[in-house]
Amino acid sequence: MTDFLIKLLDLDRVAWGDPNVVFSFERPLAPWGWAGVALVVILLAFWSYRRLIGPTFGRLSLASLRSMLLVLLVVLIAGPRLVQRDERIEKDWVIVLVDRSASMTIPDVPADPSGALDTRQTRESQLRAAIDKSWPIWDEISEDRVLVWLGFDAGVYELNQPASDQPLELGDPEGRRTNLAAALDQALRRAAARPVSAVVILSDGRSIAEPSRSAIRQLQAERIPVHVVPLGSTGAMGDLAIASAQGPGVAFVDDVAPVRVDLERLGAGDITGVVRLTDSATGLVLDERRITSDESSESITLTHTPTETEALDANWIVEIIPDTPDLVVSNNRAEIPVRLVNRPLRALYIDGRPRWEARYLKNLLLRESSITSSNLLLATDRRYTQESDVEIAQLPGSVEEWAEYDAVIIGDVNPAVFTEKQLEDLREHISIRGAGLLWIAGESATPNRWWETPLADLLPFTNATGDIPASVDPVLMTPTDLAQGLGVLRLSLDTDNAWPEQLTNPDAGWSALRWSQRIRPDALKPAAETLAWFRSATDPSNASPGVMLMRFGSGRIAYIATDEIWRWRYG
């Protein structure tokens, strides 16, 4: 074959001997078509020489030559060519999605039929055991398919693709959330333009979102089956968790220190148990309460009265002791740092006139050995009288001077006796330094003259309805469960009946409060809680908040909507 033909036919790039080169036609005919063409050409050629005069051999030779030329012409018209085929075999993909979220660490899989709490294994252990047990099957699949191992939590990422003699490296399940929808979308995008024979999902199913509609349509259109391997307990388990635990931060020795614990019940199952308060240093149980409610959320208050023998920088532990297996053990414990103060509580009581309530409260403060008080009666002309444990020459004039007091009591005093700066400093002392503020209502000034002062935000209710009116009928005070939990409003040594029955008996005479303010329940601020209700002595169904508690920054505020507590001295 000449060089001219090689260049003409590009045979220098396509060689006959190449195994990937095949001969074909651009316009191919079926085998029966080529047979028909050959038959027609032969008949036409011999027919054309049938009547010519000459030797028979010569006519047969010319007819044969014409037949071959006509067949060659048909072959050239069909377009003979050499085709070089570049073929490769693309294996199907099998995508394996392995859940790597933190929920895989939950120990809810029974390791024995009894289902005891201490014998349960985590979902992660169940996953690894399932992969190890089925590894020969994965090896068999990888012989004719491509196995793609992907971990997922909020999204997907590649896992170490193992060799046949090496284990799969999963890493620790540390994902903050599980998003199966995003993981499935990203996995299908990774396999774009490749044949996918199956998707395998190993997960506990705790996903924040469902698969997208586009992913489902793609799976349906490409006929990709999805095989799910569920992990976790076959029976639903409940979880009892400590949502939050709030301690006093600072507590006085020989005074009741409350710790409020907010519980959450998640999932199925009626989990019961005990909430316990212990001292981490000594291991002593300070208080415990049994969980009695089956609601999704519950608040329990534990109390403890510190003694002089305890460390001043204490660390209390709140923990749940479940009666039955709990889904997540790690959320059953919380630490409460508490600083103990071994000195009397320092209080400043300011009132505007020598009313019966002011005399009664002043005498209580002076008699109480655990309190040192400064008690002032201030008039609008800035004249004052005081009868105190610690006498003071003037009202505090700076934040540092307010810091000398742990609690400030404001009675029926006109805010005009204070300067604007004094009230702003007091507000900062409460909100930032964590001091306490107690309001005692009065007919003259509190609270109606305080709405336009810097302390207006420190009132646990709003003045949306105007001035707070007085109640028409005498009222009886009834503490709430919150007061009982906090260990306040206890006027009896009987712990089961800390509120004497006489105080709720209108016939006792002295138990009825003749004057009180009627505060609408819907006027309470969102952070305010009711410690006691005032109920009409003639119509107990007619009730309004009587003692309110509210947090403001780091401090606590209480408001008492009466100045008639002095009447209880008769009891």
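Scoring rules and cut-offs
- Residues numbered from 1 in each chain as written.
- Predicted model: local features only at pLDDT ≥ 70, side-chain atom pairs only at ≥ 80, totals over all residues.
- Heavy atoms only, no water.
- Core = buried A, V, L, I, M, F, W, Y, C linked by side-chain atoms within 4.5 Å.
- Buried < 20%, exposed > 50% of the residue type's maximum accessible area, 1.4 Å probe, protein only.
- Helix = DSSP H or I, 4+ residues; strand = E, 2+ residues; numbered from the N terminus.
- Contact = heavy atoms within 4.5 Å.
- Pairing = 2+ DSSP bridges.
- Axes fitted to C-alpha atoms, helices over the stretch in contact; angles between N-to-C directions.
- Phe/Tyr/Trp six-rings, centres within 6.5 Å; stacked < 30°, edge-to-face > 60°.

## Topic: the nonpolar core
Item 1. Ranked by internal contacts, the top residues of the largest apolar core, which has 55 residues, are I410, F418, W439, W450, F461, M477 and Y559.
Item 2. No other element matches the 5 residues that strand β25 (residues 543-552) contributes to this core.
Item 3. Residues within four places of Y559 in sequence aside, it is in contact with W439, A441, T446, P447, L459, P460, F461, Q517, I519, G546, V547 and M548.

## With respect to the sheet that holds strand β16 (residues 313-322)
Item 1. The sheet built from 5 strands is open, its strands ordered β11-β17-β16-β13-β14 with mixed pairing. Pairing within the sheet leaves two strands with one partner each, and these edge strands are β11 (250-252) and β14 (285-290). If you compare each strand with its neighbour and ignore which way they point, the axes differ by 30° on average.
Item 2. Pairing between strand β13 (residues 273-279) and β14: 5 bridges, direction antiparallel.

## Thoughts on unusual backbone geometry
Item 1. Here the amide bond leading from T446 into P447 is cis, since omega sits at 10°, within 30 degrees of zero.
Item 2. Considering the arrangement of structural elements, one finds P447 in the loop between β22 (436-440) and β23 (475-479).
Item 3. The phi angle at R223 is positive, at roughly 55°, despite the residue not being glycine.

## Let's talk about the packing of aromatic side chains
Item 1. All told, the structure shown has 8 aromatic pairs when counted by the stated rule.
Item 2. Both rings, one in W451 and one in F461, keep their centres 5.9 Å apart while their planes meet at 75°; by these two values the pair is edge-to-face. Taken together, the positions of W451 in the loop between β22 and β23 and F461 in the loop between β22 and β23 put the pair 10 residues apart, joining distant regions of the chain.
Item 3. On the basis of relative accessibility, which here comes to 13%, the residue W451 falls in the buried class.
Item 4. Relative to W568, the ring of W499 has its centre 5.6 Å away and its plane inclined at 80°; by these criteria the two rings are edge-to-face. Taken together, the residues span a long stretch of sequence, with W499 in the loop between α11 (481-486) and β24 (528-536) and W568 in the segment after β26 (555-560) at a distance of 69 residues.
Item 5. The class for W499 is buried, based on a relative accessible area of 13%.
Item 6. Aromatic rings pair up to connect W135, W138 and W149 into one cluster.

## As for the sheet that holds strand β6 (residues 145-152)
Each strand in a sheet pairs with another by means of backbone hydrogen bonds, the pair being arranged parallel or else antiparallel.
Item 1. Taken in spatial order, the 5 strands line up as β7-β6-β3-β8-β9 in an open sheet, and their pairing is mixed. Each edge of the sheet is formed by a strand with only one pairing partner; in this case those strands are β7 (156-158) and β9 (226-230). Here the strands of the sheet are splayed against their neighbours by 25° on average, with no regard to which way each runs.
Item 2. In the packing of helix α5 (residues 135-144) onto the sheet, the strands contacted are β3 (92-99), β6 and β8 (196-203), and the crossing angle to β6 comes to about 125°.

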